[in-house]
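# Observations on the three-dimensional arrangement
So you can see what is in the structure, the chains are spelled out below.
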Amino acid sequence: MEMDLIVRHARIRDDAPLMDIGIKDGRIVAIEEGFDGSATQEIDAAGRAVIPGLVEPHMHLEKAFLHRRMPPIQGTLDEAIRITGILKGKQERDDVLARSRQVLDMAVRNGTVAMRAHPDVDLIQGLIGVETLCELQDEYRELIDIQIVAFPQEGILKSPGTTELMEQAIGMGADVVGGCPYNELSWDDTKRHIDIVFEIAQKHDLPVDMHADFSDECTDQRFAATAYIAQKTIDTGYVGRVSLGHVTSLGSLEPEQLEPIIALLQQADISMVTLPATDLYLGGRNDTKNRRRGLTPVRALHEGGVNVAYSSNNIRNAFTPFGKADMLVIGSMLAHAISYGTPAHQAAILEMGTVNAARSIGIGRDYGIAVGKQADLVVLDTYAVADVLLDMPPRSWVIKRGKVTVTTHYHCEIHGRGCCGHDHEGTQHHTHKKTA
Ligand SMILES: [Zn+2]
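Residues numbered from 1 in each chain as written. Predicted model: local features only at pLDDT ≥ 70, side-chain atom pairs only at ≥ 80, totals over all residues. Heavy atoms only, no water.

## Details of the layout of surface pockets
- Space inside the largest pocket adds up to approximately 900 Å³.
- The wall of the largest pocket is formed by 36 residues, among which Leu 77, Ile 81, Tyr 182, Phe 214 and Phe 319 lie closest to the centre.
- Here the lining of the largest pocket gets six residues from one element, more than from any other, and that element is helix 1 (residues 77-88).
- Reported here for the second largest pocket is a volume of approximately 660 Å³.
- In terms of lining, the second largest pocket is formed by 24 residues, of which the most central are Ile 12, Arg 13, Ile 51, Leu 350 and Val 385. (1 Å grid on protein atoms, 1.4 Å probe; cavity = no way out; pocket = protein on both sides within 12 Å on 5 of 7 lines; lining within 4 Å. Points joined across faces, edges and corners; volume = space filled by probe spheres on them. Helix = DSSP H or I, 4+ residues; strand = E, 2+ residues; numbered from the N terminus.)

## Digging into the sheet that holds strand 13 (residues 308-310)
- Reading across from one edge, 6-7-8-9-10-11-12-13 is the order of the eight strands in this open sheet, with parallel pairing throughout. The open sheet has two free edges, formed respectively by strand 6 (54-59) and strand 13, since each of these has just one partner strand. Recorded for the sheet is a direction-independent mean angle of 25 degrees between the axes of neighbouring strands.
- Sheet analysis places strand 9 (residues 176-179) next to strand 10 (residues 208-212), joined by three bridges and oriented parallel. (Pairing = 2+ DSSP bridges. Axes fitted to C-alpha atoms, helices over the stretch in contact; angles between N-to-C directions.)

## Some remarks on the nonpolar core
- Counting 90 residues, the largest nonpolar core has Ile 144, Ile 229, Leu 244, Ile 270, Met 272 and Ile 349 as the members making the most contacts within it.
- One finds Leu 5, Val 7, Ile 28 and Ile 43 within the second-largest nonpolar core, a separate group that totals 16 residues. (Core = buried A, V, L, I, M, F, W, Y, C linked by side-chain atoms within 4.5 Å. Buried < 20%, exposed > 50% of the residue type's maximum accessible area, 1.4 Å probe, protein only.)

## Let's talk about the packing of helix 5 (residues 187-204) against helix 6 (residues 226-235)
- Interhelical geometry of helix 5 versus helix 6 gives an angle of 30 degrees and a closest axis separation of 11 Å. As the angle between them shows, helix 5 and helix 6 are arranged roughly parallel. Seen from above, helix 5 lies across helix 6 with right-handed handedness. Contacts between helix 5 and helix 6 involve Trp 187, Lys 191, Ile 194, Asp 195 and Phe 198 from the former and Tyr 228, Ile 229, Lys 232 and Thr 233 from the latter.
- Grouping the constituent residues of the contact of helix 5 with helix 6 by class yields five nonpolar, one polar and three charged. (Parallel < 35°, antiparallel > 145°, perpendicular 65-115°, else oblique. Left-handed = near helix turned anticlockwise from the far one by under 90°. Contact = heavy atoms within 4.5 Å. Nonpolar A, V, L, I, M, F, W, Y, C, P; charged D, E, K, R; others polar.)

Functional significance is not addressed by these values, which are geometric in nature.
So, in structure tokens, the structure goes:
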């Protein structure tokens, strides 16, 4: 059988020989040493590390690249809320599309093959985030799979009319029901918010992905909803279909308080998505000494068998001033923040940005480097998988559904071939042609 593409001499595992990967009709059909098939196109990875495509499970595109519109002066959370609130009320279609494309282009070049976007669905910006994402989903279909969450950032009970907007968003094509249960006025409203999210999800048979427990403390019940959500997940038969972002207040619990919650999360098979670029920046702001890191307890969750992933969340706005939509940068940041430095820990971080992230957005079954899986791969310009997180190397080739979407060539005058990528002339291409 003639292949569409063969990736030769791929370093898939550091403790196994180099492999050739045969790809046909967008799928991996062979992984063999010295594969004797032929193909329309061949890539010689020449021993470079090959990993499954990176996955961003939690991204806000329509709020990206607002950092120069109203630059913060103090850099406080209050200021970020105020600035973003003003800017969000003035969103315009073409501008949203342009800034969203900036993020998507970065993500594609950095080897991201799937993204779950969380556009705000509320009375301030209406459905502009969903509308633009529906267009982008189509425009970028050959480069990256985009899922759309109907995300009620401003609350549901606090902001009457939001349920109707969420229903409209689903009618337009939103794939996931979002939630923001901490943004309500009382614990009763928080519980009702969660119930409504599940009611909408069940009605349309869609998965759930909520922003939850986003605070340094869980003394206020509105920021201690994880156990309620996990129980609700079990009661509604939604096991394995719920993801939660932030969940930072869990980090303030004593180990004996955390233990039963971890057991419940595991039973509900809830994926936890930590957002270190935002959470490290905003967390512990009122601490006057030993400032908290403000992250969900990743180590305890991971060791407790919970599916943990990470993501960028925001790119360059008052809540998250940095970011270039590179999952390896976020992975490195997380590794530092949670002291995951052993070889096993480093491997776990890479897994959280690939396999775990894929599972957290419900695409795990068709994902990975194995025969029969969708051919979404990244060839990195480094020669051991164990070096990927350390080098954060150029993405030599990105492959989406069996097609090369990005090629990065670095020509090194000293070594001849693409070596480290740093301090040398570099060019990068990706196949996306903008229509507008
Ligand atoms: Zn978010």
